[in-house]
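Residue strings, one per chain:
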Amino acid sequence: MSDQPNVVLVHGAWADGSCWSGVVERLQARGYSVTAPQFPETSLADDVARLRQVLGRQDGPTVVVGHSYGGQIMTALGTDSPNAVALVYIAAFGLDEGESIGALLASGPPTPALANLDIDDQGFAWLPKDDFVEHFAADVDSVEAQVMFAVQQPLSTSTLGDVMGTPAWKSLPAWYLVAQNDEAIPPDAERSFAERMGATTVEVPSSHVAMVSHPDEVVALIESAVKGVA
């Protein structure tokens, strides 16, 4: 067993585990045991169950890193977070008790990346290609962004109405990366999440998918969390 904690990476909506590839490569080169599982995004309960399954498979202390809706998944662990010792939010939802993603997004005008969600007949939301490439992943090479679009994991719209219980960040230390050019979650909302959870915070001039366009900065924040819980 390594003396370093494990790292579990939680992807968000309209992404899959491959979005962490650059981060995984860098963390593995530094000797970390890393897991970046796939989440079904069929319901928040299903996604939280998958995360608990993966955490239960870790052999010791684990830093959990969530992007976007992935922040909702790890926040919803509440007080039942096996092996987790720290939470790292990458342009992610960090809701408090009684809040929902849908209510938050409805409190202001639609952000450019989410303005034209395509809801299918099974109640799953997809991002149109132009919105994905030009807004969701605006600072990613166009060819790579189109690959990301092709592998996007749609999100069940039921997750937008799920109300947060006791958030995991009330019992675990948190770190937060604000994406200054985010066109999915407003940067000021990200700053608000970080402030109220008392997170150690950095800001990066990034689109929503900072782990793709700024993997070095994401890895640096994860290692800051590792040092913080050493």
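Residues numbered from 1 in each chain as written. Predicted model: local features only at pLDDT ≥ 70, side-chain atom pairs only at ≥ 80, totals over all residues. Heavy atoms only, no water.

Trainee: Please give an account of the packing of aromatic side chains that cites residues and values.
Mentor: This structure, assessed with the given rule, holds 5 aromatic pairs. Arranged with centres 6.3 Å apart and planes meeting at 90 degrees, the rings of Trp 14 and Phe 136 form a pair that is edge-to-face. Residue Trp 14 is found in the loop between β1 (6–10) and α1 (21–29), and its partner Phe 136 is found in helix α5 (residues 129–136); the two are separated by 122 residues along the sequence. Summarising the aromatic geometry, the rings of Phe 93 and Phe 193 are spaced 6.2 Å apart at their centres and angled 55 degrees between planes, so their arrangement reads as tilted. Here Phe 193 lies in helix α7 (residues 187–196) and Phe 93 lies in the loop between β4 (84–90) and α4 (101–106), a separation of 100 residues in the sequence. In this structure Phe 93 comes out as buried when scored by relative accessible area, which is 5%. Accessibility expressed as a relative area gives 3% for Phe 193, which makes it buried. The structure contains a cluster of three or more aromatic residues connected by ring pairs, namely Trp 14, Phe 132, Phe 136 and Phe 149. (Phe/Tyr/Trp six-rings, centres within 6.5 Å; stacked < 30°, edge-to-face > 60°. Helix = DSSP H or I, 4+ residues; strand = E, 2+ residues; numbered from the N terminus. Buried < 20%, exposed > 50% of the residue type's maximum accessible area, 1.4 Å probe, protein only.)

Trainee: Break down the pairing of β4 for me, citing the residues and quoting the values.
Mentor: Of all 7 residues that make up β4, 6 are buried, and the element is covered over most of its length. When strand β3 (residues 62–67) meets β4, the two strands line up parallel, connected through 6 bridges. Bridge pairing in β4 links Val 65 to Val 88. Between β3 and its parallel partner β4, the chain crosses via helix α3 (residues 69–75), and the hand of that crossover is right-handed. (Pairing = 2+ DSSP bridges. Right-handed = clockwise from strand over helix to strand, strands pointing away.)

Trainee: So what's going on with the pairing of strand β8 (residues 174–179)? Residues and values would help.
Mentor: Counting buried positions along β8 gives 6 out of 6 residues, so the element sits mostly inside the fold. Neither face of β8 is open: one carries Ala 174, Tyr 176 and Val 178, the other Trp 175, Leu 177 and Ala 179, and all of them are buried. The pairing of β4 with β8 spans 4 bridges and is parallel. Bridging across to β8, Ile 90 finds its partner in Leu 177. Alignment of β8 against strand β9 (residues 200–204), held across 5 bridges, turns out to be parallel.

Trainee: So, helix α9 (residues 215–228): which residues are in play, and what are the values?
Mentor: The end-to-end C-alpha separation of α9 is 20 Å, in line with the 20 Å expected for 14 residues at 1.5 Å each. Within the span of α9, buried status applies to Pro 215, Val 218, Val 219, Leu 221, Ile 222, Ala 225 and Val 226. Seen from one end, α9 has its buried residues packed into an arc of 160 degrees, which puts them on one side. Seen from the open side of α9, the exposed residues pointing more than 90 degrees away from its buried face are Lys 227 and Gly 228. (Expected span 1.5 Å × (residues − 1). Arc of directions from axis to C-beta.)

Trainee: Please give an account of the pattern of salt bridges that cites residues and values.
Mentor: Counting across every chain of the model gives 7 salt bridges. As a salt-bridge pair, Arg 52 and Asp 80 come within 3.0 Å of each other at their nearest N and O atoms. Of this pair, Arg 52 sits in helix α2 (residues 44–56) while Asp 80 is found in the loop between α3 and β4, placing the two residues 28 residues apart along the sequence. Residue classification places Arg 52 among the partly exposed residues on the basis of a relative accessible area of 28%. (Salt bridge = Lys/Arg side-chain N within 4 Å of Asp/Glu carboxyl O.)

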